[in-house]
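Descriptive structure summary
Read off the chains here:
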Amino acid sequence: MNTDRRRISIVGATGSIGTQCLDIVQKHTDKLRVLALAANRNVDLLIRQARMFDPDVVAIADRSCTQALRSGLEGTDIRVLEGGEGVCACSTHPEADIVLGAASGIAGLKSVLAALEAGKVLALANKETLVAAGDLAMRTARLHKARIIPVDSEHAGVFQCLEDSTRYVEKVILTASGGPFRNIDRTALDSVTPQQALKHPNWSMGAKVTIDSATMMNKGLEVIEAYWLFGLREDQIEMVVHPQSIVHAMVLFEDGSLKAQLSLPDMRLPIQYALSYPDRWPLPEGRVDWARPQSLTFAPPDLEKFPCLRLAREALAAGGSAPAILNAANEAAVDLFLKERIGFMGIPRMVEGALGKLSGSSCNTYEEILQVDQSARHYVHEASKRNTLAL
Ligand code: MG
């Protein structure tokens with residue numbers, strides 16, 4: 001047996017990033033071994049994954065699923081844990097070389113912070129962590145000498161261009177596909193349905209991030225994510241609409257040289273690079289076909305049509321609790337939109353309302369961040385009941 005295999009712990013194993021990560025493990029069983037798998041409540045898939053990859057431990061966040069998980073793994077020696085502590089036990093497993101933080105939304109925050117406290121190498125796919133708790137997460141990482149390697153494709157692109165140094169960097173430019181509504185009229189956005197918003201032209205992703213791409217809040221969150229990940233000033237982070245999603249990010253250096261990372265839109269590359277870094281492993285599928293004519297186009301984003309971009313920048317500039325409010329109000333509003341309780345443009349209206357109404361509270365500890373998160377969610381639910389900002 002190869003003992004040099006990197007041992008990975010996957011939090012969010014049954015989601016889009018988690019399952020793609022397991023695809024990669026399967027292709028590189030000589031290099032990777034799954035040590036722990038944690039999921040929220042998709043117990044059937046977690047059982048299948050555990051039987052296939054034989055981790056030491058699995059955890060299910062939703063305790064009502066524990067019994068089903070135990071019965072599903074009967075006859076194996078896989079340890080079964082439950083609840084938030086169980087998930088954190090996976091993200092801090094003493095033998096884990098790399099922890100993939102791929103739980104969606106604020107729910108992933110605790111286990112990510114725990115991994116950083118344990119000084120882990122964290123492959124981070126959960127951008128909400130850095131949006132809501134960027135300062136706390138980066139402080140924790142520094143204090144415990146943890147390392148964060150971005151999995152988000154744009155940030156993985158920046159990471160590959162930077163080669164470990166932000167010296168001489170003038171700007172970082174993140175690309176955005178523009179989402180499914182890039183070409184539709186601004187007034188038509190009021191009446192788009194969840195089904196339309198869930199049809200992303202290029203990327204296959206979970207529901208939350210797909211809606212965020214349609215509102216372009218995703219790019220706003222990514223600006224905040226880049227701010228923390230790379231230690232840049234807000235005015236050093238730009239975004240550009242690039243509908244082909246081949247260029248994921250560019251770095252502009254002080255002498256005007258521009259470096260870009262290009263690849264087909266497939267999350268397996270950034271996931272794999274986070275696991276192989278600083279090495280590169282073969283990933284045979286997915287090449288840009290230069291034997292065919294290609295056009296790569298770029299245009300500035302329409303800030304009028306996509307107010308979420310402006311709101312995210314304003315929240316980053318305001319600092320303090322504003323990014324956590326933005327993140328929580330957006331998560332709650334996206335959820336209501338998916339349940340058809342509010343309209344598409346209700347999402348930015350809710351977020352703007354929450355930012356205007358709540359602010360100024362302290363946001364330095366995990367408890368304070370959760371408090372801010374809860375009050376923003378509460379605000380959105382109350383506003384949707386009153387129907388003031390919803391439609
Ligand atoms: Mg991204």
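See the structure shown above.
Notes on the structure follow. If you're wondering where the values come from, they're calculated on a predicted model, not measured in any experiment.

For helix α9 (residues 207-215), the tally of buried residues reaches seven of nine residues, placing the bulk of the element in the interior. The complete set of buried residues in α9 reads K208, T210, I211, D212, S213, A214 and T215. Lining the buried residues of α9 we find α6 (127-143), α8 (194-197), α10 (217-230), α12 (307-318), α13 (322-338) and α14 (346-357). A positive phi of about 70° marks M216, the residue just after α9.

A few words now on the coordination of the magnesium ion. Tetrahedral metal sites with four donors have an ideal angle of 109.5 degrees; octahedral sites with six donors have ideal angles of 90 or 180 degrees. Note on the magnesium ion: its protein donors are D152 (OD), E154 (OE) and E222 (OE). The metal-donor distances range over 2.1 Å. Mapped onto the sequence, the residues coordinating the magnesium ion show the spacing D-x1-E-x67-E. Note that D152 is positioned in the loop between β7 (147-150) and α7 (153-162) and E222 in helix α10, a separation of 70 residues in sequence. We classify D152 as buried; its relative accessible area is 9%.

Our focus in this paragraph is the side chain of T175. When you line up the elements, T175 lands in strand β8 (residues 169-176). Here the side chain of T175 touches V247 through a polar contact of 2.6 Å, landing on its backbone oxygen. Among all residues touching T175, those that are not within four sequence positions of it are E154, K219, V240, H242, V247, H248, A249 and M250.

What follows concerns the pairing of strand β6 (residues 121-124). Successive residues of a regular strand alternate their side chains across the two faces of the sheet. As paired strands, strand β5 (residues 98-101) and β6 are joined by four bridges and run parallel to one another. The residue bridging V99 from the neighbouring strand is L122, located in β6. Between the parallel elements β5 and β6, the chain passes through helix α5 (residues 109-117) in a crossover that is right-handed. Strand direction decides the pairing type here: β6 and β7, joined by four bridges, are parallel. Each residue of the ladder has a partner; that of L124, found in β7, is P150.

Next up on the list: the sheet that holds strand β11 (residues 258-262). One open sheet holds the four strands; their spatial order is β9-β8-β10-β11, and the pairing between them is mixed. Sheet topology places β9 (237-241) and β11 at the edges, where each strand pairs with a single neighbour. Ignoring which end each strand starts from, the neighbouring axes of this sheet average 20° apart. Bridge count between β8 and β9: five bridges; the pairing is parallel. Within β9, the position partnered with L174 by the bridge is M239. Its contacts with the sheet put α10 on β8 and β9, and the angle it makes with β8 is roughly 150°.

One open sheet accounts for seven strands, arranged β4-β3-β2-β1-β5-β6-β7; its pairing is parallel. The sheet is open, and its two edges are formed by β4 (79-82) and β7, each paired on a single side. The mean inter-strand angle of the sheet, taken between neighbouring strand axes irrespective of direction, is 25°. Pairing geometry for strand β2 (residues 32-39) and strand β3 (residues 57-60), over four bridges, is parallel. Paired with A39 across the bridge in β3 is I60.

Axis separation between α9 and α13 bottoms out at 10 Å; the angle between their running directions is 95°. In this view, α9 runs roughly perpendicular relative to α13, as classed from their interaxial angle. For the pair formed by α9 and α13, the contact residues are A207, K208, I211 and D212 on the first element and N330, E331, V334, F337 and L338 on the second. Tallied by class, residues from the contact of α9 with α13 come to five nonpolar, one polar and three charged.

Moving on, we come to the pairing of β3. Burial along β3 is two-sided: V57 and A59 and V58 and I60, pointing in opposite directions, are all buried. Where the polypeptide runs from β2 across helix α2 (residues 43-53) and back to β3, its parallel neighbour, the crossover connection is right-handed. The handedness of the β3 to β4 crossover, carried by helix α3 (residues 66-72), is right-handed.

Here we come to a nonpolar patch on the surface. A cluster of nonpolar side chains, contributed by L262, W290, L296 and F298, occupies part of the molecular surface with about 400 Å² of accessible area. Relative to the elements of secondary structure, L262 occurs in strand β11. Classification of L262 by relative accessible area gives partly exposed; the value is 39%.

So, how was this worked out
Residues numbered from 1 in each chain as written. Predicted model: local features only at pLDDT ≥ 70, side-chain atom pairs only at ≥ 80, totals over all residues. Heavy atoms only, no water. Buried < 20%, exposed > 50% of the residue type's maximum accessible area, 1.4 Å probe, protein only. Helix = DSSP H or I, 4+ residues; strand = E, 2+ residues; numbered from the N terminus. Contact = heavy atoms within 4.5 Å. Donors = N, O, S within 2.8 Å, 3.2 Å for Na, K, Ca; no water. Polar contact = N/O pair within 3.5 Å; in protein donor to acceptor, adjacent residues only side chain to side chain. Pairing = 2+ DSSP bridges. Right-handed = clockwise from strand over helix to strand, strands pointing away. Axes fitted to C-alpha atoms, helices over the stretch in contact; angles between N-to-C directions. Parallel < 35°, antiparallel > 145°, perpendicular 65-115°, else oblique. Nonpolar A, V, L, I, M, F, W, Y, C, P; charged D, E, K, R; others polar. Patch = residues over 30% accessible without salt bridge, like charges linked within 9 Å, V, L, I, M, F, W, Y side chains within 5 Å. Areas by Shrake-Rupley, 256 points an atom, 1.4 Å probe, with all protein chains shown as cover. Salt bridge = Lys/Arg side-chain N within 4 Å of Asp/Glu carboxyl O.

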